[in-house]
Amino acid sequence: VGTRVRLRVHVGGPAGDLDVVARVVRVEHDPLAARPYRTALSFPELTGEAETRLVRFLFERQRALRREATDQG
């Protein structure tokens, strides 16, 4: 927690990649989960354009994961 990390987010399509700096605000560990680590990040240095691209990507990814869960359930 508190560590700064540099990420390259593959937002896909014509938008390309997004290079961002984030700060770790929380780490959760569940050794029995399919993905045992969950990390919460803040993005204190995002420009308006980068924020729009990242939010759009995250919502699309969330929708895709929900569709997958619905199809499997």
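In case you missed it, the structure is sitting above this.
Below: a short report on this structure. (Residues numbered from 1 in each chain as written. Predicted model: local features only at pLDDT ≥ 70, side-chain atom pairs only at ≥ 80, totals over all residues. Heavy atoms only, no water.)

A few words on the sheet that holds strand 3 (residues 37–42). Spatial strand order, 1-2-3: three strands in an open sheet with antiparallel pairing. Edge strands, defined here as strands with exactly one partner in the open sheet, are strand 1 (4–10) and strand 3. Taken over all neighbouring pairs, the strand axes of this sheet differ in orientation by 55 degrees on average, direction set aside. Where helix 1 (residues 48–72) meets the sheet, its contacts fall on strand 1 and strand 2 (17–29), and the angle it forms with strand 2 comes to roughly 55 degrees. (Pairing = 2+ DSSP bridges. Helix = DSSP H or I, 4+ residues; strand = E, 2+ residues; numbered from the N terminus. Axes fitted to C-alpha atoms, helices over the stretch in contact; angles between N-to-C directions. Contact = heavy atoms within 4.5 Å.)

Scanning the model with the defined rule gives five salt bridges in all. Ionic pairing is found between E28 and R26, a salt bridge with its closest N-O pair at 3.0 Å. Among the residues examined, E28 registers a relative accessible area of 35% and is labelled partly exposed. Here R26 falls in the partly exposed class, since its relative accessible area comes to 45%. Of the charged contacts in the structure, one is a salt bridge between E60 and R63, with a shortest N-O distance of 2.4 Å. With a gap of three residues between them, E60 and R63 both fall in helix 1, about one helical turn apart. Counted as one network, the salt bridges with shared partners bring together R26, E28 and R38. (Salt bridge = Lys/Arg side-chain N within 4 Å of Asp/Glu carboxyl O. Buried < 20%, exposed > 50% of the residue type's maximum accessible area, 1.4 Å probe, protein only.)

For the rest of this paragraph, the subject is the environment of L18. Relative to the elements of secondary structure, L18 occurs in strand 2. What makes L18 buried here is its relative accessible area of 5%. Sequence separation of L18 and R53 is 35 residues, and the distance between their C-alpha atoms is 8.0 Å. Sequence-distant contacts of L18, that is, excluding residues within four places in its chain, are made with L7, R8, V9, V11, A50, R53 and L54.

One finds V9, V11, L18, V20, A50 and L54 forming the largest nonpolar core, which totals six residues. Not counting chain neighbours up to four residues away, the residues in contact with V9 comprise G16, D17, L18, V20, L54 and F57. (Core = buried A, V, L, I, M, F, W, Y, C linked by side-chain atoms within 4.5 Å.)

Taken by themselves, the reported measurements are silent on function.
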